[in-house]
Amino acid sequence: MAFSKLSEIVKISDDRGLPFWQIILEDDLLERNTTYEESFDRMKAMFDAMIQADKDYSADLRSQSGLSGGDGAKLEKFRQQDNRLIGDFLTMVMEKAVKMAESNACMKRIVAAPTAGSCGVIPAVLLTYYEKKSVVVEKIVQALFVAAGIGQVIANTASISGAEGGCQAEIGSASSMAAGALTFLEGGTNEQIADSCALALKNMLGLTCDPVAGLVEIPCIKRNVSGAVNAIIASQMAMAGIKSAIPADEVFETMGRIGNLIPPCLKETSQDGLAQTSTAQKVVEKLSSASEISDN
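## A closer look at the overall build of the protein
Along its length, the protein carries 13 helices and 0 strands. Seen in sequence order, the protein has helices and strands lined up from the N terminus as α-α-α-α-α-α-α-α-α-α-α-α-α. Taken over C-alpha atoms, the radius of gyration comes to 19 Å for the protein, in line with the 19 Å a tight globule of 296 residues would show. Seen through its principal axes, the protein has C-alpha atoms that stretch 65 × 45 × 40 Å. For the protein, buried positions account for 51% of its 296 residues. By sequence separation, contacts in the protein at least 24 residues apart represent 72% of the contacts at least 6 residues apart.

Quick look at the structure:
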């Protein structure tokens, strides 16, 4: 993909009078020398995989480490209760964010969206919107192209890798992508899409990557909930007419600079942060002991 700035996509979209998503699709046609139908169908297959992972979720499934599983079902049960402070849409987003991330940890279909550690954010927002708003699947696929365009700009400008930029590059990027996709679905302008991206990522700047025992489970899975809810908040602010004081492209660049400043011990190495708490060390010892017993 040739785009290195979100403002480039916005300008081309405005100048040509074409929707944001179509600019991204057309770029894919050039990059992969494929057809419109193949490109669209390929993106639809990704959404189908999200739907299937949601359907296949099992409350009884546990990850190989035993650290993950079952929490998505707890949120589903909680959503049936009346004594909630938040509405059904937001509660469902929380539920699906955990389910998708748990499915990933338990070797289900979801792998990266855009990364393994952040794989629950975009699916949670789009699956919930699809179910609650009863939109045609083609509209969701278009939103995925919007998300893809945003993600590629972030990757070109900064990073979507936790090892390179910290968790801000994973959960933060996914949240920004989801916010832009949601704003598109809500009928927002290109400028509102860009503002929602900026608003979402600004809230995630500086987030460290400190996985317990080096696994993409703790605190990664629950951070997906924060990223998904943050995306909705950012999108709603943009739809209300609130602009980001710092343009999206500058926010992306800022994340890249911050990522370079974050020390290696806080970038997926598990050498500090939550990974070095006393509780985390007990988890490491337990997993090591279990591994030794298994080897013997």
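## So, helix α4 (residues 71-79)
For α4, the full list of buried residues reads Gly72, Leu75 and Arg79. Considered in projection along α4, the buried side chains sweep an arc of 60° and stay on one side of the axis. Opposite the buried face of α4, at more than 90 degrees from it, the exposed residues are Lys74 and Lys77. Packing partners of the buried residues in α4 comprise α5 (88-105) and α6 (121-133).

## Observations regarding the packing of aromatic side chains
All told, the structure shown has 5 aromatic pairs when counted by the stated rule. Pairwise contacts between aromatic rings join Trp21, Tyr36, Phe40 and Phe145 into one cluster.

## Considering the pattern of salt bridges
Under the counting rule described, the total for this entry stands at 18 salt bridges. The partner of Arg79 in a salt bridge is Asp88, and the shortest N-O contact between them spans 3.4 Å. The class of Asp88 is partly exposed, set by a relative accessible area of 25%. Two residues, Asp210 and Arg223, come together in a salt bridge whose shortest N-O distance is 3.1 Å. Of this pair, Asp210 sits in the loop between α10 (190-202) and α11 (220-239) while Arg223 is found in helix α11, placing the two residues 13 residues apart along the sequence. Residue Arg223 is classed as buried on the basis of its relative accessible area of 14%.

## Quick look at the state of the cysteines
In total, this model carries 0 disulfides according to the counting rule given. Left unpaired, Cys106 is separated from the closest cysteine sulfur, that of Cys119, by 11 Å. The exposure class assigned to Cys106 is buried, which follows from its relative accessible area of 12%. No disulfide involves Cys265; its sulfur sits 12 Å from that of Cys209, the nearest cysteine.

## Side note on unusual backbone geometry
Geometrically, the link from Ala113 to Pro114 is a cis peptide bond, its omega value of 5° lying close to zero. Here Pro114 is to be found in the loop between α5 and α6. The step from Ile218 to Pro219 runs through a cis peptide bond, and the omega angle for that step is 0°. Within the element layout of this structure, Pro219 appears in the loop between α10 and α11. You will see that Ala213, though not glycine, has its phi angle at about 60°, which is positive. Here Ala213 lies in the loop between α10 and α11.

## Quick notes on the packing of helix α1 (residues 6-16) against helix α2 (residues 20-32)
Axis angle and axis distance: for two packed helices, these are the angle between their axes and the distance between the axes, and together they describe the pair. Contact geometry of α1 with α2 gives a least axis separation of 9 Å together with a crossing angle of 105°. Here α1 lies roughly perpendicular to α2, going by the angle between them. Side by side, α1 and α2 meet where Leu6, Ile9, Val10, Ile12, Ser13 and Arg16 of the first sit next to Phe20, Ile23, Ile24 and Glu26 of the second. Among the residues making up the contact of α1 with α2, the classes are represented as 7 nonpolar, 1 polar and 2 charged.

What counts as what
Residues numbered from 1 in each chain as written. Predicted model: local features only at pLDDT ≥ 70, side-chain atom pairs only at ≥ 80, totals over all residues. Heavy atoms only, no water. Helix = DSSP H or I, 4+ residues; strand = E, 2+ residues; numbered from the N terminus. Rg over C-alpha atoms; globule rule 2.2 N^0.38 Å. Buried < 20%, exposed > 50% of the residue type's maximum accessible area, 1.4 Å probe, protein only. Contact = heavy atoms within 4.5 Å. Arc of directions from axis to C-beta. Phe/Tyr/Trp six-rings, centres within 6.5 Å; stacked < 30°, edge-to-face > 60°. Salt bridge = Lys/Arg side-chain N within 4 Å of Asp/Glu carboxyl O. Disulfide = S-S within 2.5 Å. Axes fitted to C-alpha atoms, helices over the stretch in contact; angles between N-to-C directions. Parallel < 35°, antiparallel > 145°, perpendicular 65-115°, else oblique. Nonpolar A, V, L, I, M, F, W, Y, C, P; charged D, E, K, R; others polar.

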